[in-house]
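Letter by letter, the chains look like this.
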Amino acid sequence: MTSDPISSAAPEQLVLDLPHRQALEREDFLVTPANAAAVELIDGWPGWATRAVVVVGPQGSGKSHLTHVWRMRSGAPSCPGTALDETAIGQIESARALAVEDIDRGIADERVFFHLLNLTRQEGYSLLATARCPPGDLDVALPDLRSRLRALPVVHIAEPGEDVLKAVLVKLFADRQLVVEPHVIAHLALHIDRSFAAAEEIVATCDRLALTRQRRVTRPLAAEALASVVGPENEKGATKGV
């Protein structure tokens, strides 16, 4: 009897933990009721009624993807809020558009950001900011900027429902070139938190285990990934029915 080279008894293989490439084109984005307003905003550029807008959503909800799509359309450079400095003024003047990402993690130079917002009003430049919380909730020292942030229009991306979560899991696996059976997707969706961050974590864990074991993402492997992610106290519930 010949041995099975991809059986669970096979020795674990050395795996290089290389970053995967996400599909970031407009047609690759999964449009759902949770993000439809944000997609409509991006598709509506350059006809924005207000030249500066903020997209707010939880981690992993697609803010970076939508920002990338908008940048490809507008030619806008991008700067994280934590690295914002005076070079951003030259960037927005040159491209007439700028993305400032993750402003909830900090705005390095508040006066520069306030000046950027003024330029959108005075010159008609476009500015797209992203954050995990509404801009009015940010801890901002500059009073003028704090007031301006509270007045900015905000488009929200909500946490996914169960059907959306399943579709997100399929998309995340596809980004990693993994085809997973529907019953495995349903099992994962049932046992993880209903959030984009949880979906990203379980897909990354499944991918790592599949590479290590030299196996496909099957129901038993998904159960093992769940046990790893949710912790020992939830392992029994996560693997029920396997």
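Residues numbered from 1 in each chain as written. Predicted model: local features only at pLDDT ≥ 70, side-chain atom pairs only at ≥ 80, totals over all residues. Heavy atoms only, no water.

Moving on to the overall build of the protein chain. Looking only at helices and strands, the protein chain features 10 helices and 5 strands. Across the 242 residues in the protein chain, those meeting the buried criterion constitute 44%. Considering only intrachain contacts with a sequence separation of at least 6, the fraction spanning at least 24 residues in the protein chain is 70%. (Helix = DSSP H or I, 4+ residues; strand = E, 2+ residues; numbered from the N terminus. Buried < 20%, exposed > 50% of the residue type's maximum accessible area, 1.4 Å probe, protein only. Contact = heavy atoms within 4.5 Å.)

Two measures describe an aromatic ring pair: the distance that separates the ring centres and the angle between the ring planes. In total, this model carries 2 aromatic pairs according to the counting rule given. When the centroid spacing of 6.1 Å and the interplanar angle of 85 degrees are considered together, the rings of tryptophan 45 and tryptophan 70 count as edge-to-face. Note that tryptophan 45 is positioned in the loop between helix 1 (36–44) and strand 1 (52–56) and tryptophan 70 in helix 2 (residues 63–74), a separation of 25 residues in sequence. Ring geometry for tryptophan 48 versus tryptophan 70: centroids 5.6 Å apart, planes at 10 degrees, classification stacked. You can see tryptophan 48 sitting in the loop between helix 1 and strand 1 and its partner tryptophan 70 sitting in helix 2, a full 22 residues away along the chain. Comparing tryptophan 48 with tryptophan 70, the two get one shared label, buried. Within the aromatic cluster, the residues linked to one another by ring pairs are Trp45, Trp48 and Trp70. (Phe/Tyr/Trp six-rings, centres within 6.5 Å; stacked < 30°, edge-to-face > 60°.)

Glancing now at the side chain of threonine 212. With respect to the helices and strands, threonine 212 occurs in helix 8 (residues 196–213). In this structure the side chain of threonine 212 is engaged in a polar contact, spanning 2.8 Å, whose partner is the backbone oxygen of arginine 208. (Polar contact = N/O pair within 3.5 Å; in protein donor to acceptor, adjacent residues only side chain to side chain.)

Within the secondary structure, arginine 150 is located in helix 5 (residues 143–151). Arginine 150 sits 16 residues away from proline 134 along the chain, and the two C-alpha atoms are 8.3 Å apart.

This brings us to the packing of helix 3 (residues 87–95) against helix 4 (residues 110–123). For the pair helix 3 and helix 4, the least separation of the axes is 9 Å and the interaxial angle reads 15 degrees. Regarding the angle of helix 3 to helix 4, the classification is roughly parallel. The two elements helix 3 and helix 4 cross, and the hand of that crossing is right-handed. For the pair helix 3 and helix 4, contact is made by Ala88, Ile89, Ile92 and Glu93 and by Val112, His115, Leu116, Leu119 and Thr120, respectively. Split into classes, the residues belonging to the contact of helix 3 with helix 4 amount to 6 nonpolar, 2 polar and 1 charged. (Axes fitted to C-alpha atoms, helices over the stretch in contact; angles between N-to-C directions. Parallel < 35°, antiparallel > 145°, perpendicular 65-115°, else oblique. Left-handed = near helix turned anticlockwise from the far one by under 90°. Nonpolar A, V, L, I, M, F, W, Y, C, P; charged D, E, K, R; others polar.)

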